[in-house]
Amino acid sequence: MKLLYQTHSPYARKVLVMAHEAGLAGRIEVIHHETSPTRRNDAVFAANPLGKVPVLVCADGLALFDSVAICDHLDSLHNGPRLIPPAGRARALTLRLQALAQGLADAGIALRWETERRPEALRYPALAEGQAAKLQAGYDFIKREVDLDGPVELGQIALATALSWLEFRGLPAFRPGRPRLSAWFDAFSRRPSMLATPLSGETHD
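Residues numbered from 1 in each chain as written. Predicted model: local features only at pLDDT ≥ 70, side-chain atom pairs only at ≥ 80, totals over all residues. Heavy atoms only, no water.

With that settled, consider the packing of helix H1 (residues 10-21) against helix H4 (residues 88-117). At a minimum axis distance of 10 Å, the contact between H1 and H4 shows a crossing angle of 150°. Of the residues in H4, those in contact with Pro-10, Tyr-11 and Lys-14 of H1 are Gln-98, Gln-102, Ala-105, Asp-106 and Ile-109. In terms of residue class, the contact of H1 with H4 is made up of four nonpolar, two polar and two charged. (Axes fitted to C-alpha atoms, helices over the stretch in contact; angles between N-to-C directions. Helix = DSSP H or I, 4+ residues; strand = E, 2+ residues; numbered from the N terminus. Contact = heavy atoms within 4.5 Å. Nonpolar A, V, L, I, M, F, W, Y, C, P; charged D, E, K, R; others polar.)

Here we come to the domain arrangement of the protein chain. Size of an interface, as often reported, equals the accessible area lost when the parts are brought together. According to the domain assignment, the protein chain contains domain 1 (2-76) and domain 2 (88-191). On the domain 2 side, the residues contacting the 14 residues of domain 1 number 17 residues. In this assembly, domain 1 packs against domain 2 so that about 1,300 Å² is buried in total across both faces, 63% of it on carbon and sulfur atoms. Counting across the interface, domain 1 meets domain 2 through one salt bridge. One salt bridge in this structure joins Arg-191 and Glu-21, with 2.8 Å as the shortest N-O distance. For the interface between domain 1 and domain 2, the tally reads seven residue pairs in polar contact (both at pLDDT 80 or more). Elements that contribute at least two residues to the side of domain 1 that touches domain 2 include exactly H1 and helix H3 (67-75). The element contributing the most residues to the side of domain 1 that touches domain 2 is H1, with seven residues. Split by residue class, the side of domain 1 that touches domain 2 holds seven nonpolar, three polar and four charged. (Domains from an automatic or database assignment. Buried area = accessible area lost by both parts, 1.4 Å probe. Salt bridge = Lys/Arg side-chain N within 4 Å of Asp/Glu carboxyl O. Polar contact = N/O pair within 3.5 Å; in protein donor to acceptor, adjacent residues only side chain to side chain.)

Looking now at the sheet that holds strand E4 (residues 63-64). Across a sheet, strands are paired by hydrogen bonds formed along the backbone, either parallel or antiparallel in direction. Read from one edge to the other, the open sheet built from four strands follows the order E2-E1-E3-E4, with strand pairing classed as mixed. In the strand order of this sheet, the two ends are held by strand E2 (29-32) and E4, each with one partner. Sheet topology places strand E3 (residues 55-57) next to E4; two bridges connect them, and they run antiparallel. By the bridge assignment, Val-57 is partnered in E4 with Ala-63. Contacting strand E1 (2-5) and E2, H1 crosses the sheet at an angle of about 150° to E1. The sheet contacts of H3 involve E3 and E4, and relative to E3 the element is tilted by about 40°. (Pairing = 2+ DSSP bridges.)

Before going further, it helps to spend a moment on the environment of Leu-24. Examined against the element boundaries, Leu-24 turns out to sit in the loop between H1 and E2. The exposure class of Leu-24 is buried, given its relative accessible area of 3%. Measuring from C-alpha to C-alpha, the distance between Leu-24 and Leu-74 comes to 7.8 Å, with 50 residues separating the pair along the chain. If sequence neighbours within four positions are ignored, Leu-24 has contacts with Ala-19, Leu-74, Leu-77 and His-78. (Buried < 20%, exposed > 50% of the residue type's maximum accessible area, 1.4 Å probe, protein only.)

In this model, helix H6 (residues 154-168) (15 residues) spans 21 Å end to end at C-alpha, consistent with the 21 Å of a helix rising 1.5 Å per residue. Counting buried residues along H6, 13 of its 15 residues qualify, which places the element largely inside the surrounding structure. Capping the start of H6, Glu-153 holds a side-chain oxygen 2.6 Å from the backbone nitrogen of Gly-155, two or three residues further along. Just beyond H6, the residue with positive phi is Gly-170, at close to 65°. (Expected span 1.5 Å × (residues − 1).)

UniProt's entry tags residues 1-82 with the feature "domain: GST N-terminal" (unreviewed entry), counted in the numbering of this structure. The distance from the first to the last C-alpha atom of residues 1-82 is 20 Å, and the span holds 33% helix and 16% strand. (UniProt positions renumbered as here; feature names shortened; annotations may be inferred.)

Under the criterion given, the structure shown has three aromatic pairs. On the basis of an interplanar angle of 80° and a centroid distance of 5.2 Å, the ring pair of Phe-174 and Phe-185 is categorised as edge-to-face. Within this pair, whereas Phe-174 is found in the loop between H6 and helix H7 (179-189), its partner Phe-185 is found in helix H7, the two being separated by 11 residues in sequence. On the basis of relative accessible area, Phe-174 is assigned to the buried category, the value being 1%. Within the aromatic cluster, the residues linked to one another by ring pairs are Tyr-139, Phe-174 and Phe-185. Geometry around Phe-188 places Arg-191 over its ring, the cationic atom sitting 5.6 Å from the centre. (Phe/Tyr/Trp six-rings, centres within 6.5 Å; stacked < 30°, edge-to-face > 60°. Lys NZ or Arg CZ within 6 Å of the ring centre and 35° of its normal.)

So, in structure tokens, the structure goes:
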């Protein structure tokens, strides 16, 4: 399999951490691609009509996107404990946490557009404030509602990779007033799957 990847994408990193946790990383060739809404990458567009990574190109040529679909497929390829529970409340909670983590990354990306990436004259401060508020509300929800003490699963992977990216980009911090979340994140960040997939690089607009 081939994974079209970007070293500074929280979504791509989520997939690669999932592959490491599932024992599948050795079966995947990772190919870095720079993508941006303003710079077309024809190789990525050939596999994904949205022009975004990650894309998993399977052995039979099937191209899978986005990160959740890829993670679901990877979870079907190994013999260990499922990283996406198959049914019931455990599955619902995993998928809810994965959705929340993906939403945090989405909000962080939108915030960066309004504070760094968009030309200054076109930035919309009220939108930036709204995205920052989403981040703080998400952090508080995790602190209040999410149990992170169970076995590793997709929701935890998504959360760890999203939080690491938010810190990497210097976006509104999740640590103040949330010592349990901070301690969990620091411990998860020491897992081999995270150490093998460091974030690096800058966006290209």
